[in-house]
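Descriptive analysis of the structure
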Amino acid sequence: MNAIEVKELYKSYNSLAAVNGISFEVGHGELFGFLGPNGAGKTTTINILCTLLMPTSGQAYVAGFDVSREPGKVRNHIGLVFQETTLDSELTTFENLLFHAYLYGYERRQAVKRIDELLSMIGMQTKKHELVKHLSGGMKRRLEVIRGLLHKPRVLFLDEPTLGLDPQTRAGVWSFIKDMKQKEGTTIFVTTHYMDEASDFDRITIIDHGKLVAMGNPQKLLDEMGKATVSFSTKDGPTIRQIVSRGMSHAGNDRYEIRTDDPDGFIKQMLELSGLKIDEFRIKKPELEELYISLTGSEIRDDRIEHPVIRRMGHGA
């Protein structure tokens, strides 16, 4: 069985379907992105997978356990990192991790060994006895991620793990997450609004209005999307417009653009035309954000019908 298996999952609120019969699988050790606008159904789906909500119908299995029938076993085998920090700022790094370890039944000696192991992995041994309120934003996110990994979960859920961080810190956090994935062998299920982050995932799925609208490797999805944009500068735009029957647009001044499945072929065709002066060809391939917008219709939408994420999860059933 896969790390996560979802079959015809459905969840409704007052006759409105937040999740409408979705099915997907996440393989062991995958970095899997779950993307969608506000109100698309991703929060509801995550809550069901983490046993914080019961589905209206359908089935979902996480780490081999049924989320409806075996919620305690699911919780014992998952880690969960929320958008907002849930660290105690008045406790030290070590105290935050030790408290979490006790929740999962660790004895002190066992807990200290695991904490030291994880802190060494991320180079935070020197911050072991520092109050969390004195840590940087990036260090706090790293601390929350290793806290989620403390009990060696099979699946780690990350809800917008780099939200609000500057680009340099975001890059550092993702480098750390990918390193942890390799060392721990954990399946990582993540939501993010940053499309540049999602482009490096093993696979992504995009949900909109409760239904899955795309799923696969990001690069393969972009390849299927097809058309690249060729831009170039020329004073012979009117002449070229007569040759190129459609698809070309004026981008301002002497610059023009065309979307095409064969950018190299188009450039070759233009260069072979005698008497035309064309400068500075540029090829811009499709980006994940374009795919996302083309499928969901907008960058941001706030037509929520979902319940908010529940911010606390206890140990066991």
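Summary of the structure given here.

Criteria and cut-off values
Residues numbered from 1 in each chain as written. Predicted model: local features only at pLDDT ≥ 70, side-chain atom pairs only at ≥ 80, totals over all residues. Heavy atoms only, no water. Pairing = 2+ DSSP bridges. Helix = DSSP H or I, 4+ residues; strand = E, 2+ residues; numbered from the N terminus. Axes fitted to C-alpha atoms, helices over the stretch in contact; angles between N-to-C directions. Parallel < 35°, antiparallel > 145°, perpendicular 65-115°, else oblique. Left-handed = near helix turned anticlockwise from the far one by under 90°. Contact = heavy atoms within 4.5 Å. Nonpolar A, V, L, I, M, F, W, Y, C, P; charged D, E, K, R; others polar. Salt bridge = Lys/Arg side-chain N within 4 Å of Asp/Glu carboxyl O. Buried < 20%, exposed > 50% of the residue type's maximum accessible area, 1.4 Å probe, protein only. Polar contact = N/O pair within 3.5 Å; in protein donor to acceptor, adjacent residues only side chain to side chain.

Moving on: the pairing of strand E10 (residues 211-216). When strand E9 (residues 203-208) meets E10, the two strands line up antiparallel, connected through 5 bridges. Looking at the pairing, Ile-207 lines up with Leu-212 of E10. The hairpin turn running from E9 into E10, its antiparallel successor, is 2 residues long, and His-209 in that turn takes a positive phi close to 50°.

This part takes up the packing of helix H8 (residues 218-225) against helix H11 (residues 288-296). At a minimum axis separation of 10 Å, H8 and H11 run at an interaxial angle of 65°. As summarised for this structure, H8 and H11 are arranged roughly perpendicular, according to the angle between their axes. Both H8 and H11 take part in a crossing whose hand is left-handed. In this structure, H8 uses Pro-218, Leu-221, Leu-222 and Met-225 to contact H11, whose residues at the interface are Leu-288, Glu-290, Leu-291 and Ser-294. In the contact of H8 with H11, the residues fall into 6 nonpolar, 1 polar and 1 charged.

Bringing the packing of helix H4 (residues 108-121) against helix H6 (residues 167-184) into the picture now. In contact at an axis separation of 11 Å, H4 and H6 are set at 130° when each is read in the N-to-C sense. Between H4 and H6, the angle is such that the two are oblique. Classified by chirality, the crossing of H6 by H4 is right-handed. From H4, Arg-114, Glu-117, Leu-118 and Met-121 reach across to H6, where they touch Met-180, Lys-183 and Glu-184. Residues belonging to the contact of H4 with H6 are distributed by class as follows: 3 nonpolar, no polar and 4 charged.

The subject of this paragraph is the sheet that holds strand E13 (residues 255-260). Spatially, E12-E13-E11-E14 is the arrangement adopted by the 4 strands of the open sheet, whose pairing is antiparallel. In the strand order of this sheet, the two ends are held by strand E12 (248-252) and strand E14 (278-284), each with one partner. The average undirected angle you get between the axes of adjacent strands in this sheet is 25°. Of the strand pairs in this sheet, strand E11 (residues 228-234) and E13 are connected by 6 bridges, and their pairing is antiparallel. Each bridged residue has a counterpart across the sheet, and for Ser-233 the counterpart in E13 is Arg-255. The strands touched by helix H10 (residues 263-272) within the sheet are E11, E13 and E14, with E14 carrying the most contacts at an inclination of about 175°.

The 4 strands are arranged E2-E1-E4-E5 in an open sheet whose pairing can be described as antiparallel. Lying at the two open borders of the sheet, with one neighbouring strand each, are strand E2 (16-26) and strand E5 (65-66). Two elements, strand E1 (residues 4-13) and E2, share 8 bridges in a ladder whose sense is antiparallel. For Lys-11, the partnering residue across the bridge sits in E2 and is Val-19.

What follows is about the pattern of salt bridges. In total, this model carries 15 salt bridges according to the counting rule given. For Glu-5, the salt bridge goes to Lys-7, with nearest N and O atoms at 3.9 Å. Across the pair Arg-203 and Glu-30 runs a salt bridge whose closest N-O atoms are separated by 2.8 Å. With Arg-203 in strand E9 and Glu-30 in the loop between E2 and strand E3 (31-35), this residue pair connects regions lying 173 residues apart in the sequence. Classification of Arg-203 as partly exposed rests on a relative accessible area of 22%.

We now examine helix H3 (residues 93-103). Buried within H3 are the following residues: Thr-93, Phe-94, Asn-96, Leu-97, Leu-98, His-100 and Ala-101. Residues of H3 that are buried sit in contact with H4 and helix H5 (137-149). A positive phi of about 80° marks Gly-105, the residue just after H3.

Next up on the list: helix H1 (residues 42-49). Among the 8 residues of H1, 7 are classified as buried, and the element is accordingly described as predominantly covered. Among all positions of H1, only Lys-42, Thr-44, Thr-45, Ile-46, Asn-47, Ile-48 and Leu-49 are buried. Looking at the residues trailing H1, positive phi occurs at Thr-51, about 65°.

With respect to the helices and strands, Gln-59 occurs in strand E4 (residues 57-62). Judged by its relative accessible area of 34%, Gln-59 is partly exposed. Note: C-alpha distance between Gln-59 and Lys-7 (52 residues apart in sequence) is 5.2 Å. Those residues in contact with Gln-59, other than ones at most four positions away along the chain, are Glu-5, Val-6, Lys-7 and Leu-9. Within the local environment of Gln-59, its side chain forms a polar contact with the side chain of Tyr-61, the two groups lying 3.1 Å apart.

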